[in-house]
Amino acid sequence: MSGPGLAGSVEGNHSVAQSNNRRTPSGKSGATSKGVQPKAGQSKTPQPKPAAAKGSPAAKKPAAGRQSVAAARRSSNGNNRTQLIIGAIAVVVIIAIIIFGLVLNKKETAVQGEGYGASTQSVATVAEGVVTVAKPGATPGKTIDVFEDALCPICSEFERQFGQQMNQAIDQGDLAVNYHMLNFLNPRSFSGDYSTRAAAALLCVAQEGGTQPGLYLNYHSALFSTDNQPAEGGSADLTNEQLAELATTTGAPASAASCITAGTNIAAATAAADASSAALQAATGRIATPTVLYNGAPVSTTVDWLSTLLGQ
Amino acid sequence: MIGLLARLGLAAVWLISGIIKAVDPRTTVVAVRAYQIFPESLVGTIAGILPFLEIALGVLLVIGLATRLTAVLSAVVLVAFIAGVISAAARGLSIDCGCFGGGGDVAAGQTAYTEEILRDLGFLALAVYLIVRPDTPLSVDRWVRRRTGQPA
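Residues numbered from 1 in each chain as written. Chains lettered and ligands numbered in written order. Predicted model: local features only at pLDDT ≥ 70, side-chain atom pairs only at ≥ 80, totals over all residues. Heavy atoms only, no water.

**Notes on the overall build of chain A**
To keep it simple, the criterion reads: Helix numbers and strand numbers start at the N terminus; a helix is a DSSP run of H or I with at least 4 residues, a strand a run of E with at least 2. Any residue under 20% of the maximum accessible area for its type is buried, any over 50% is exposed, and the rest in between are partly exposed; the area is computed with a 1.4 Å probe on protein chains only. Contacts: residue pairs with any heavy atoms within 4.5 Å of one another. Each accessible area value is a Shrake-Rupley result obtained with a 1.4 Å probe; residue values ignore everything except the protein chains displayed when judging cover.
The helix and strand inventory of chain A stands at eleven helices and six strands. The 312 residues of chain A split such that 44% are buried. Long-range pairs, those at least 24 residues apart, make up 74% of the contacts in chain A between residues at least 6 apart in sequence. Accessible surface for chain A amounts to roughly 15,000 Å². Of this, 59% is attributable to carbon and sulfur atoms.

**Thoughts on helix α6 (residues 140-149) of chain B**
Residues and elements named next belong to chain B. Our working rule: Picture the helix axis, draw a direction to every C-beta atom, and the arc is the one those directions span.
Along α6, the residues that are buried comprise Asp141, Val144, Arg145 and Gly149. Looking straight down α6, one finds its buried side chains confined to an arc of 125 degrees; they lie on one side. Counted as exposed and oriented over 90 degrees from the buried face of α6: Trp143 and Arg147.

**Observations concerning the confidence of the model for chain A**
Our working definition: pLDDT runs from 0 to 100 and stands for how confident the predictor is about each residue.
Taken as a whole, chain A shows an average pLDDT of 82; of its residues, 75% reach a score of 70 or greater. Scored below 50 in pLDDT, residues 1-61 of chain A shows 41 contacts in the model against residues more than four places distant or in partner chains.

**Examining the nonpolar core**
Side chains of a nonpolar character, in soluble globular proteins, are inclined to be buried together. Rules: For this analysis, a nonpolar core means a set of buried residues of the types Ala, Val, Leu, Ile, Met, Phe, Trp, Tyr and Cys, connected via side-chain atoms within 4.5 Å.
In this structure, Ile144, Met166, Tyr216, Tyr219, Ile260 and Trp305 of chain A are the most contacted members of the largest nonpolar core, which totals 60 residues. The dominant element in this core, judged by the number of residues it contributes, is helix α6 (residues 194-209) of chain A, at ten residues. Apart from residues no more than four positions distant in its own chain, Ile260 of chain A is found in contact with Ala201, Cys204, Val205, Tyr219, Asn240, Leu243, Ala244 and Ala247 of chain A. Core analysis: the next-biggest nonpolar cluster, separate from the first, contains 41 residues, Val13, Ala34, Leu93 and Ile117 of chain B among them.

**Quick word on the layout of surface pockets**
To be explicit about the condition: The definitions used throughout rest on a 1 Å grid laid over the protein atoms alone, on which a cavity is an enclosed set of points accommodating a 1.4 Å probe that cannot get out and a pocket is an open set flanked by protein within 12 Å on both sides along at least five of seven lines; lining residues are those having an atom within 4 Å of a point. Grid points are joined across faces, edges and corners, and a volume is the space filled by probe spheres set on the points. In the scheme used here, Gly and all other residues not listed as nonpolar or charged are polar, with Ala, Val, Leu, Ile, Met, Phe, Trp, Tyr, Cys and Pro taken as nonpolar and Asp, Glu, Lys and Arg as charged.
Computed from the structure, the second largest pocket encloses a volume of approximately 730 Å³. In terms of lining residues, the second largest pocket is bounded by 32 residues, among which Pro153, Ser156 and Thr226 of chain A together with Arg33 and Glu40 of chain B are the most central. Residue assignment for the lining of the second largest pocket shows that the elements contributing at least two residues are α5 (153-171) and α7 (215-224) of chain A together with α2 (25-34) and α3 (40-63) of chain B. Sort the elements by how many residues they give to the lining of the second largest pocket and α5 of chain A lands first, with eight residues. For the lining of the second largest pocket, the class distribution of residues is twelve nonpolar, 14 polar and six charged.

**Quick look at unusual backbone geometry**
A cis amide bond, omega -5 degrees, links Thr289 of chain A with the succeeding residue Pro290 of chain A. Tracing the backbone shows Pro290 of chain A in the loop between α10 (266-284) and β5 (291-294). Even without being a glycine, Ala66 of chain B presents a positive backbone phi close to 50 degrees. Inspection of the secondary structure assignment puts Ala66 of chain B in the loop between α3 and α4 (67-90). At Leu138 of chain B, a position not held by glycine, the phi torsion is positive, near 55 degrees. For Leu138 of chain B, the position within the fold is in the loop between α5 (113-132) and α6.

**Section: the packing of α5 of chain A against α7 of chain A**
Residues and elements named next belong to chain A. How we decide: Inter-axis angles, ranging from 0 to 180 degrees, are taken between N-to-C directions of lines fitted to C-alpha atoms, where helices are fitted over the stretch in contact. For classification purposes, an angle smaller than 35 degrees is called roughly parallel, one larger than 145 roughly antiparallel, one from 65 to 115 roughly perpendicular, and anything else oblique. Each crossing gets its handedness from the near helix: less than a right angle anticlockwise from the far helix is left-handed, clockwise is right-handed.
Remark: α5 packs on α7, axes separated minimally by 10 Å, with the N-to-C direction vectors making an angle of 165 degrees. In terms of orientation, α5 and α7 fall into the roughly antiparallel class. As α5 runs across α7, the sense of the crossing is left-handed. Along the contact surface, α5 presents Cys155, Ser156, Glu159, Asn167 and Ile170, while α7 presents Leu217, His220, Ser221 and Phe224. Here the contact of α5 with α7 is built from residues that sort into four nonpolar, four polar and one charged.

**Some details on a nonpolar patch on the surface**
Let me state the cut-off plainly: Patch membership requires more than 30% relative accessible area and the absence of a salt bridge. Residues of like charge join within 9 Å; the nonpolar side chains Val, Leu, Ile, Met, Phe, Trp and Tyr join within 5 Å. The working definition used for a salt bridge is a side-chain nitrogen of Lys or Arg within 4 Å of a carboxyl oxygen of Asp or Glu.
Nonpolar side chains collect at one region of the surface, where Val91, Ile95, Ile99 and Val103 of chain A together with Leu69 and Leu73 of chain B lie side by side and expose about 480 Å² of accessible area between them. Its place among the elements puts Val91 of chain A in helix α4 (residues 62-108).

**Some remarks on the side chain of Glu54 of chain B**
Position of Glu54 of chain B relative to the elements: it lies in helix α3. Once you skip the residues sitting within four places of it in the chain, Glu54 of chain B turns out to touch Trp14, Ser17, Gly18, Lys21 and Phe81 of chain B.

**Remarks on the packing of aromatic side chains**
As a reminder of what qualifies: Only centres within 6.5 Å qualify two rings of Phe, Tyr or Trp (six-membered ring in Trp) as a pair; their planes then separate them into stacked at under 30 degrees, edge-to-face at over 60, and tilted for everything else.
Considering all chains together, one arrives at seven aromatic pairs over all chains under this definition. Ring plane angle 85 degrees and centroid distance 6.2 Å describe the contact between Phe100 of chain A and Phe52 of chain B, whose orientation is recorded as edge-to-face. Note that Phe100 of chain A is positioned in helix α4 and Phe52 of chain B in helix α3, a pairing that runs across two chains. According to the relative accessible area criterion, Phe100 of chain A is exposed, its value standing at 51%. With relative accessibility at 6%, the residue Phe52 of chain B sits in the buried group. When the ring of Phe158 of chain A is compared with that of Phe162 of chain A, the centres are 5.4 Å apart and the planes differ by 55 degrees; the resulting orientation is tilted. You can see Phe158 of chain A and its partner Phe162 of chain A sitting in helix α5, four residues apart, about one turn around the helix. As far as burial versus exposure is concerned, Phe158 of chain A and Phe162 of chain A are alike and both buried. Taken together, the ring pairs connect Phe158, Phe162 and Trp305 of chain A into an aromatic cluster.

**Regarding the pattern of salt bridges**
In the structure shown here, the tally under the stated rule is eight salt bridges over all chains. Residues Arg197 of chain A and Asp193 of chain A are paired through a salt bridge, measuring 2.8 Å at the closest nitrogen-oxygen approach. Residue Asp193 of chain A is classed as partly exposed on the basis of its relative accessible area of 32%. Among the ionic pairs, Glu54 of chain B bridges to Lys21 of chain B, the shortest N-O distance being 2.9 Å. Note that Glu54 of chain B is positioned in helix α3 and Lys21 of chain B in helix α1 (residues 2-23), a separation of 33 residues in sequence. Grouping residues by exposure puts Glu54 of chain B and Lys21 of chain B together as buried.

**Some words on the interface of chain B and chain A**
Heads up, the condition is: As a working definition, buried area equals the accessible area (1.4 Å probe) given up by two parts on being put together, with both sides summed. What qualifies as a polar contact is a pair of N or O atoms within 3.5 Å, subject to a donor-acceptor requirement within protein and to the restriction that residues adjacent in sequence count only when both atoms come from side chains.
Of the residues lining the interface, 43 residues belong to chain B; the matching set on chain A comes to 51 residues. Both sides together, the interface formed by chain B and chain A hides about 3,800 Å², and carbon and sulfur atoms give 61% of it. The interface formed by chain B and chain A holds two salt bridges in total. In this structure, Glu157 of chain A engages Arg33 of chain B in a salt bridge whose closest nitrogen and oxygen atoms are separated by 3.1 Å. Taken together, the links from chain B to chain A amount to two residue pairs in polar contact (both at pLDDT 80 or more). Sorting the residues of the side of chain B that touches chain A by element identifies α2, α3, α4, β2 (104-105) and α6 of chain B as the ones contributing at least two each.

As structure tokens, then:
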């Protein structure tokens, strides 16, 4: 648009503006310091050098010098306004993307199968310390392995978001779940062995009351509900008596409660946790919960993982 | 040229980590919660905002819009991340930083706090470079400056 000579002189003024910007923390304060600069140049020692360099050609050609200073001042004012506008646009972009994200996030973390509630059809069977939950007589199209630690807060979140949807799929005979209870978070529990004791309690409920429809899943849900789950590094957790009491409240038979109180399945739960840890390590290369495996491969548990899996 | 590489490098970091977190929001909730810094009522909101803040910073850096402002925000977020990881390590938590997705509790021997902190310090260096020298080639900033710099 404009002549190359003009553009060149503007470019030159710009390099002055840029070097000013570089010395100051932001374009805005660069603007104020530049407005003050002539005065500052007189009083402060580090400043005079560029001022003198700019001043000496101006002294040779007074008219041209005055013009270029005026041009620089004009364009610097424009730059400051432009900088403000650019900053404002950037802030608006950030806010817009975050609002979009919050809306999306609400959808992505929504409870699945909301309203279905507790399982009413499922039964639990135990094989080598692993509890398999399915609808009796059904031949579920999909079987998954779920690895959890009773102390793991993420597992609680997983249960909150997908528990009802899994209950429904199991009750409909579409899904079977192998629950692997790990115990790697024992050291993070108040008692030092909560994960193992909770896993043992789940084994007791499965062994003594597994045929009772929905019982195992209900007890499992109760253990992971934020009302009952102890905190990692907390100042308390559930004793065996409390674990037994919770089982009784959920509807477990007295034999399950006494099994929990006596710690009958501690050794079995420990052995099962060791075996499941090894299996998880082999499948994923790490021990982290909750992890879902399907056909031995980890499933990324995004909001629609179960509906996608069941639809396959 | 170094400025352009720093800008695009930091942009890639934010876009990759932001997108990974955004597509797996429940894991992000868990990762944020695992630090045990925020009250439960805030965990969900922070986990919702964070991935998209990262993506927004990445987008602005890719196009080079308000580079210095974006670099300052990047540095602030990275310093917060580093503080979070140091805090987790100091409190003896066994967590994955969740920096690039994942996160949450891991077995005691599987933490990688030193590597995580060093990596974040590297990213922080990119941000600091851009704060000092925000003017980079192929940026909206430079394009706008050229356009508005021309006298009417």
